[in-house]
Amino acid sequence: MIPYGRQSIDDADLDAVAEALRSDWLTTGPRVDEFERAVAAAAGAGTRVTAVTSGTAALHVAYAAARVAGGEVVTTPLTFAATASTAVLQGADVVFADVDEDTGNLSLEAAAAAVTSRTRAITAVDYAGLPVDQAGFRALAESAGALFVEDAAHSIGSTVGGVPVGTGAHLTAFSFFPTKNLTTAEGGAVVTTDPELDRRARSFRNHGLVRDKSLQRWPDEGPWHQEVHEFGLNYRLPDVLAALGISQLRRLAAFKARRAEIVARYSAAFASVDDLRVPASPDGAEPMWHLYPLRVPAERRRAIFEHLRAAGIGVQVNYIPVYWHPVFADLGYQRGQCPVAESYYASEISLPLYVGLTDAEVDRVIDAVLAAVRG
Ligand SMILES: *Cc1c(COP(=O)(O)O)cnc(C)c1O
C-alpha cells in the first residue's frame, strides 16, 4: 500500500536523536532552545516560538494565550476536529463559518458575517498548505477586538511573497506529526511576534509556574520556591524530539521542493480530465503542499475512493465537517450550516503526498485515479 503521507527520516536524523539520548537531557534542555530558534528562523522575522507536544497542544496554548474563555471563536469546519475542540476545552463557544469554494480555506466574508461582540479569536486553517488571506484575517480580527489565530498545521514552510507563514497572524500553530511537512514524531509549536502572547504561551506550557523571584508573590519563601500564577498544563516537548526537529528543519527547503514536484506531476495529469478538479493554484503564495486534495463527482466519490484503496493507494478524505462529529452534533450544531464546506467534503479525496514518494509511484497513483474515474 502506498500511504497517503509518511515521514522522511535520514541518517542525520538518526544521529541527532542518538546524540540526544546519550546527553544529560531527555526532556526540556538545550535542544528545545535550539529547536525554538530554528523554528523562529523558519517562521519569519521577529517571531518567538514555544515548542509543545503536538499541534493540538499548540492550538490549546494559542487559545489560552488569546483568552478565549467565555467568548466565541469563529473558525472553519473543513479541518481536523482539534481546531475547534481545543477552543471548546478552553471555555469558548465555536461559531463555524463557511469556506471558499475554490481553495477550501475559511472565507473572509463568511467569517466577517459570523463576528459578534463576543468574538475573541478568528481561527483560519491553511488548508492543504495554501496560506489564507493573512492580512485580511488580521484586519478583520483587529476590527472586532479579537485575535487572528492561524492553524498552520499544514503550512510550515509556505510563504506569501517570500514571507513565511508565522508572522501573518497574532498566533500561529504548527504540527510536527509524522504526516505533516516535517516531524518530531509528536510535536508542535506556537508562534507569535507579541511578547505578552509569548509569555502567556510559555506559562501555559509549563503549569503557569513562576521561578523568577522578582515576579513572585512570596519570594522569601526559600530557594526552592516556585509559584503557580495561572492555570496551565505540561505541554513541554522533550529534548529527544527537539533533536529530531532541528535535524528535519535543515531539509525544509528540500521537502518543499519535492512536494511541489509531486503536486505539479499530479496536476499536469489531471488538469484537463473531465470530472476532476485539481487544487486551486496559489494566488501570490508559494505553498508547502501538505495535501493533494483532488475533487471528483460527489456521487462517485465513495466508489472511486474504494477502487483506489483496493488498488493499494492509501487515499484519505480531509475533512468531514467538524460539526458533523457527534460531540458537536450533540451540542446542537446542525448539518447544512456551511454548505460549501459540506460539498467540498463530499467530493474530496487526498492523494498520497510525501517526500519519499517516487515518480514511478506518483505515476502509479495517476494511472489508478484515471482508471477509477473512467471505470
Ligand atoms: C494535524 C492537525 C492538527 C493537530 O495536530 P497534532 O500534531 O496531530 O495534534 C490540527 N489542525 C490541523 C488542521 C491538522 O491537520
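For every chain, the first residue of the written sequence is number 1, and numbering continues from 1 onward in sequence order. Totals for whole chains, interfaces and linings use all residues, but because this is a predicted model, local features are given only for residues with pLDDT of at least 70 and pairs of side-chain atoms are given and counted only at 80 or more. Side-chain measures here rest on the full set of heavy atoms in the structure, leaving out hydrogens and waters.

Right, let's get into unusual backbone geometry. That bond from Asn318 to Tyr319 is cis: its omega, 5°, falls within 30 degrees of zero. Here Tyr319 lies in the loop between helix H10 (301–310) and helix H11 (326–329). The backbone of Arg67 sits at a positive phi, close to 55°, despite the residue not being glycine. A helix here means a DSSP run of H or I that spans at least four residues, while a strand means a run of E at least two residues long, and both kinds are numbered starting from the N terminus. Mapped onto the elements, Arg67 comes out in the loop between helix H3 (55–65) and strand S2 (72–75). One non-glycine residue, Ala128, adopts positive backbone phi at about 70°.

Now for the site of the ligand. Any residue with a heavy atom lying within 4 Å of a molecule or strand is counted as near it. Taken together, 16 residues are adjacent to the ligand, and Gly55, Thr56, Asp151, Ser175 and Lys180 come closest. What qualifies as a polar contact is a pair of N or O atoms within 3.5 Å, subject to a donor-acceptor requirement within protein and to the restriction that residues adjacent in sequence count only when both atoms come from side chains. Within the side chain of Thr56, a nitrogen or oxygen atom sits 2.6 Å from an oxygen atom of the ligand. Computed with a 1.4 Å probe, the accessible areas rest on the Shrake-Rupley method; for each residue, only the protein chains presented here act as cover. Bound to the protein, the ligand loses 91% of the 380 Å² it would expose on its own. Counting residues per element, the shell around the ligand draws most heavily on H3, at three residues. Ten residues, namely Ala, Val, Leu, Ile, Met, Phe, Trp, Tyr, Cys and Pro, are considered nonpolar, four, namely Asp, Glu, Lys and Arg, are considered charged, and the remaining ones, Gly among them, are considered polar. A class-by-class count of the residues in the shell around the ligand yields six nonpolar, eight polar and two charged.

Before going further, it helps to examine H3. Each residue is assigned to one of three classes by its accessible area relative to the maximum for its type, calculated with a 1.4 Å probe on protein chains only: buried under 20%, partly exposed between the two thresholds, exposed over 50%. With respect to burial, H3 is a largely interior element, 10 of its 11 residues being buried. Between the side-chain oxygen of the N-cap and the backbone nitrogen of Thr56 there are 3.3 Å, and the N-cap of H3 in question is Ser54. Residue Arg67 follows H3 closely and has a positive phi angle near 55°.

Structurally, the protein chain comprises domain 1 (11–249) and domain 2 (252–374). Relative to domain 2, the C-alpha centre of domain 1 lies at a distance of 26 Å. Between domain 1 and domain 2, the contact holds 38 residues from the first and 34 residues from the second. Taking both partners together, domain 1 and domain 2 bury about 3,000 Å²; carbon and sulfur atoms supply 61% of that area. The working definition used for a salt bridge is a side-chain nitrogen of Lys or Arg within 4 Å of a carboxyl oxygen of Asp or Glu. If you look at where domain 1 meets domain 2, you find three salt bridges. Between Arg277 and Glu101 there is a salt bridge, with the nearest N and O atoms lying 2.8 Å from each other. At the junction of domain 1 and domain 2, the tally comes to 22 residue pairs in polar contact (both at pLDDT 80 or more). Within the residue set of the side of domain 1 that touches domain 2, elements represented by two or more residues are helix H4 (82–89), strand S3 (93–96), strand S6 (159–160) and helix H8 (239–249). At three residues, the largest contribution of residues to the side of domain 1 that touches domain 2 is made by H4. Classifying every residue of the side of domain 1 that touches domain 2 gives 19 nonpolar, 14 polar and five charged. An automatic or database domain assignment supplies the residue ranges for each domain. Whether two residues touch is decided by their heavy atoms; if any such pair falls within 4.5 Å, the residues are in contact. Reported buried area values correspond to the accessible surface (1.4 Å probe) lost by two parts on association, with both partners' losses combined.

Attention shifts here to the packing of aromatic side chains. Whether two aromatic rings pair depends on their centres lying within 6.5 Å, for rings of Phe, Tyr and Trp, where Trp uses its six-membered ring; planes under 30 degrees apart make the pair stacked, over 60 edge-to-face, and the rest tilted. The tally for this structure, following the rule as stated, stands at 13 aromatic pairs. Geometrically, the ring pair formed by Phe96 and Tyr333 is edge-to-face, given 5.3 Å between the ring centres and 75° between the ring planes. Taken together, the residues Phe96 in strand S3 and Tyr333 in the loop between H11 and helix H12 (339–347) connect sequence positions 237 residues apart. Classification of Phe96 by relative accessible area gives buried; the value is 8%. Plain terms: the ring middles of Phe328 and Tyr333 are 5.6 Å apart, the flat faces sit at 70° to each other, and that makes the pair edge-to-face. Members of the aromatic cluster, joined through ring pairs, are Phe96, Tyr323, Phe328 and Tyr333. A cation over an aromatic ring shows up here: Arg301 above the ring of Tyr345, its NZ or CZ 4.8 Å from the ring centre. Should the NZ of a Lys or the CZ of an Arg lie within 6 Å of a ring centre and within 35 degrees of the ring normal, that charge is described as sitting over the ring. Over the ring of Trp324 we find Arg335, and its NZ or CZ is 3.8 Å from the ring centre.

Turning next to the pairing of strand S14 (residues 348–351). Residues Glu348 and Ser350 of S14 are buried on one face, and the alternating residues Ile349 and Leu351, pointing to the opposite face, are buried as well. Pairing between strands is defined by DSSP: at least two bridges between them are needed. Sheet topology note: the strand S13 (residues 292–295)/S14 ladder contains four bridges and is antiparallel. From the neighbouring strand, Tyr292 faces S14, where its bridge partner is Leu351.

For helix H6 (residues 134–143), the full list of buried residues reads Gln134, Gly136, Phe137, Leu140 and Ala141. Within H6, the buried residues cover an arc of 165° as seen down the axis, which keeps them to one side. Exposed residues on H6 whose side chains face more than 90 degrees from its buried face are Ala135 and Ser143. Turning to H6, the residues buried within the fold contact helix H5 (108–114), strand S4 (119–125), strand S5 (147–151) and S6. Of the residues flanking the end of H6, it is Gly145, one or two places downstream, whose phi is positive at about 70°. The arc refers to the directions leading from the helix axis to the C-beta atoms.

Mapped onto the elements of the fold, Ser155 is located in the loop between S5 and S6. Not counting residues within four places of it along the chain, the set of residues in contact with Ser155 comprises Asp126, Gly129, Val165 and Asn181.

All right, on to the sheet that holds S3 then. Spatially, the seven strands line up as an open sheet ordered S1-S9-S8-S5-S4-S2-S3, and their pairing is mixed. Strands with a single pairing partner mark the edges of an open sheet, and in this sheet they are strand S1 (48–52) and S3. In this sheet, adjacent strand axes meet at a mean angle of 20° when their direction is disregarded. When strand S8 (residues 171–175) meets strand S9 (residues 188–192), the two strands line up antiparallel, connected through four bridges. Note on definitions: angles span 0 to 180 degrees between N-to-C directions of axes, and those axes are lines fitted to C-alpha atoms, for helices only across the stretch in contact.

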